[in-house]
Amino acid sequence: MDFQGDIGLIGLAVMGENLVMNLAGHHYQVAVFNRTVDKVEKFVNGRGKTPSIAGCRSLPELVRALKRPRRVMMMVRAGTAVDELIDQLLPLLEPGDVVIDGGNSHYTDTRRRTRKVEAAGLLYVGAGISGGELGALNGPSIMPGGSAAAWPLLREMFQAIAAQLPDDLPCCDWIGPDGAGHYVKMVHNGIEYADMQLIAETYEVLRKMGKLTPEAIAGVFGEWNRGALNSYLLEITAEILRKVDPVTEKPLIDVILDCAGQKGTGRWTADSALELGVPLSGIIEAVQARSLSDDKARREMSARLLPGPALRPAAVSDQWLAQVRSALYVAKIAVYAQGFQLLKRAAKEFGWPLDYGRIAGLWRGGCIIRAIFLNEITAAYRRNPELDNLLLDEFFRRAAAEGQEAWRRTAAAAALSGVAAPVLSATLNWYDGLRTAESAANLIQAQRDYFGAHTYERTDAPRGKFFHTVWSEAGGGTVSGSYDA
Ligand code: 6PG
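Residues numbered from 1 in each chain as written. Predicted model: local features only at pLDDT ≥ 70, side-chain atom pairs only at ≥ 80, totals over all residues. Heavy atoms only, no water.

### A few points about the side chain of serine 130
Part 1 of the argument: Looking at the secondary structure, you find serine 130 in strand S6 (residues 123-130).
Part 2 of the argument: Overall, serine 130 belongs to the buried group, its relative accessible area being 2%.
Part 3 of the argument: Of note is the side chain of serine 130, whose polar atom sits 3.2 Å from the side chain of histidine 188. (Helix = DSSP H or I, 4+ residues; strand = E, 2+ residues; numbered from the N terminus. Buried < 20%, exposed > 50% of the residue type's maximum accessible area, 1.4 Å probe, protein only. Polar contact = N/O pair within 3.5 Å; in protein donor to acceptor, adjacent residues only side chain to side chain.)

### Some words on the pairing of strand S2 (residues 30-33)
Part 1 of the argument: The alternating pattern of S2 places Val30 and Val32 on one face and Ala31 and Phe33 on the opposite face, and all of these are buried.
Part 2 of the argument: With 4 bridges joining them, strand S1 (residues 7-10) and S2 adopt parallel strand pairing. Paired with isoleucine 7 across the bridge in S2 is valine 30.
Part 3 of the argument: Following the backbone out of S1, through helix H1 (residues 14-25) and into the adjacent parallel S2, one traces a crossover that is right-handed. (Pairing = 2+ DSSP bridges. Right-handed = clockwise from strand over helix to strand, strands pointing away.)

### Focus on the pattern of salt bridges
Part 1 of the argument: Per the counting criterion, the structure on display carries 30 salt bridges.
Part 2 of the argument: Linking arginine 47 and glutamate 17 is a salt bridge whose minimum nitrogen-to-oxygen distance equals 2.8 Å. Residue arginine 47 is located in the loop between helix H2 (37-45) and strand S3 (53-55), and its partner glutamate 17 is located in helix H1; the two are separated by 30 residues in the primary sequence.
Part 3 of the argument: The class for arginine 47 is partly exposed, based on a relative accessible area of 39%.
Part 4 of the argument: Classification of glutamate 17 by relative accessible area gives buried; the value is 16%.
Part 5 of the argument: Residue arginine 112 is joined to aspartate 109 by a salt bridge in which the shortest nitrogen-to-oxygen separation is 3.1 Å. (Salt bridge = Lys/Arg side-chain N within 4 Å of Asp/Glu carboxyl O.)

### A closer look at the site of the ligand
Part 1 of the argument: With respect to spatial proximity, 14 residues lie near the ligand, and among them Ser130, Glu192, Tyr193, Lys263 and Arg290 are the closest.
Part 2 of the argument: With respect to the ligand, the side chain of serine 130 contributes an N or O atom lying 2.4 Å from an oxygen atom.
Part 3 of the argument: One of the backbone nitrogen or oxygen atoms of glycine 131 is found 2.9 Å away from an oxygen atom of the ligand.
Part 4 of the argument: Per-element accounting of the shell around the ligand gives the leading share, 5 residues, to helix H8 (residues 180-209). (Near = heavy atom within 4 Å.)

### Section: the nonpolar core
Part 1 of the argument: By size, the foremost hydrophobic cluster in this structure holds 90 residues, and its most contacted members are Tyr183, Phe221, Phe340 and Trp363.
Part 2 of the argument: Ranked by the residues each element gives to this core, the list is headed by helix H14 (residues 318-350), at 19 residues.
Part 3 of the argument: Excluding its chain neighbours within four sequence positions, the residues that come into contact with phenylalanine 340 are Tyr356, Ile359, Ala360, Trp363, Ile377, Tyr381 and Leu390. (Core = buried A, V, L, I, M, F, W, Y, C linked by side-chain atoms within 4.5 Å. Contact = heavy atoms within 4.5 Å.)

### Focus: the layout of surface pockets
Part 1 of the argument: Space inside the second largest pocket adds up to approximately 460 Å³.
Part 2 of the argument: Along the walls of the second largest pocket sit 14 residues, with Asn442, Gln445, Glu457, Arg458 and Thr459 positioned nearest its centre.
Part 3 of the argument: Residues belonging to the lining of the second largest pocket are distributed by class as follows: 6 nonpolar, 4 polar and 4 charged. (1 Å grid on protein atoms, 1.4 Å probe; cavity = no way out; pocket = protein on both sides within 12 Å on 5 of 7 lines; lining within 4 Å. Points joined across faces, edges and corners; volume = space filled by probe spheres on them. Nonpolar A, V, L, I, M, F, W, Y, C, P; charged D, E, K, R; others polar.)

### Some remarks on empty space enclosed by the protein
Take a probe with the size of a water molecule and roll it over the atoms, and the empty space left behind shows itself.
Part 1 of the argument: All told, the structure shown has 1 cavity of 30 Å³ or more when counted by the stated rule.
Part 2 of the argument: Contributing to the lining of the largest cavity are Asp195, Ile199, Leu229, Ser231, Leu234, Leu328 and Lys332.
Part 3 of the argument: At the level of secondary structure, the elements contributing two or more residues to the lining of the largest cavity comprise H8 and H14.
Part 4 of the argument: Here the residues of the lining of the largest cavity are counted per class, giving 4 nonpolar, 1 polar and 2 charged.

### Examining the environment of valine 98
Part 1 of the argument: Mapped onto the secondary structure, valine 98 falls in strand S5 (residues 98-101).
Part 2 of the argument: For the pair valine 98 and tyrosine 124, spaced 26 residues apart in the sequence, the C-alpha separation amounts to 5.7 Å.
Part 3 of the argument: Setting aside its immediate chain neighbours within four residues, valine 98 contacts Arg70, Arg71, Val72, Leu123, Val125, Ala150, Leu153 and Leu154.

What follows is the structure, given as structure tokens:
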């Protein structure tokens, strides 16, 4: 074959196909392969029928169709399929070639695979890609990480096909070593979960307490979308709420079963936060809200048996709507503040030199959480690259000062009406915990010391010096240092 492919793409599911079309649309020559070969035939004889795309019937044929150093991108289901493909590709490739995983792989797998592929003399890249089907076709946000030497070989191509913002750099940049790209994409998805849940909670408040119709809420969200809350997720929510079911002629939202699915990236983010000891209540509650939603039978039974308060309807006014809007805005800031703290902690743990301002910039376009508000995050990290917590930045501190009352009122009103708003209230609790200089954790320490001789530090002694009290005669003299796990 005399086809001189710039890149080979394996896996012609919808994301893979759309990325190929995007690459070909930018004048790159793309060789494609799919395990079910019929799919290749169908694609290259259908929407992929252009001289820029060559269909291959085997991996060796795909590899032969590529320029050196070869760039091979896998767009297959995360998990063992990726490992199997790497094993098949390695003997076919040469030192200096690049293997790219564009799926939603777990970052620990990407760390392991980078080591393995680099040990064979090749380069490995785990690239998080966000934006769904349309993003893949028209310009996604791309978050590549792995072997640094691969970046000069991919930069031009990846930045060309990524989302472009008129006033900024393309929505693709090098994230960092080994699993950094997939980690950042994972946190993006975690934020996506919390962002979606916050919009859903706000919808429920407006629907149940304000008694607004889906169409009226679409109007409210459309209005909010013109201001600081402007985001893709709010925009599509307004559109969703206007959709009418052709069968029942009811709002389509009312005939969609309230059981939310999840593929795992939100839970991975939560797992990582728990492992690294970073408070991430917004995202964790969003993951748990999906799990609870999926337990429909138990919810239906409990709805009949468990007592709750009578709903207290809200007097709908511009002021009330502004209050709910502010609550959504400040809780969203808290979700991002937690997400970026997780990134910061992971960077330290794994030795990744992450550029937080640039990461926020990559999320401004193409991806699911794209939002105007990300400009402010970039600006905050430009002002202070060492910023410890977004909320401590002057812009966000002011936003919290202006919105906290509305946040409290909305969370409290929902609680008093028995309307669950887990992310709205969990983030508020985190916020208050964060601003509590003297907390009740001294009591936790005393309890630990009482039942397990785990020791405690004193307010009048230097940090790191531990004390134990014999709390009761029955206690014995052991301190935890002697048996702690
Ligand atoms: C994206 C999305 C994408 C996908 C999620 C959905 O950034 O383009 O996040 O990765 O839609 O995997 O995840 P759930 O099925 O878990 O909601």
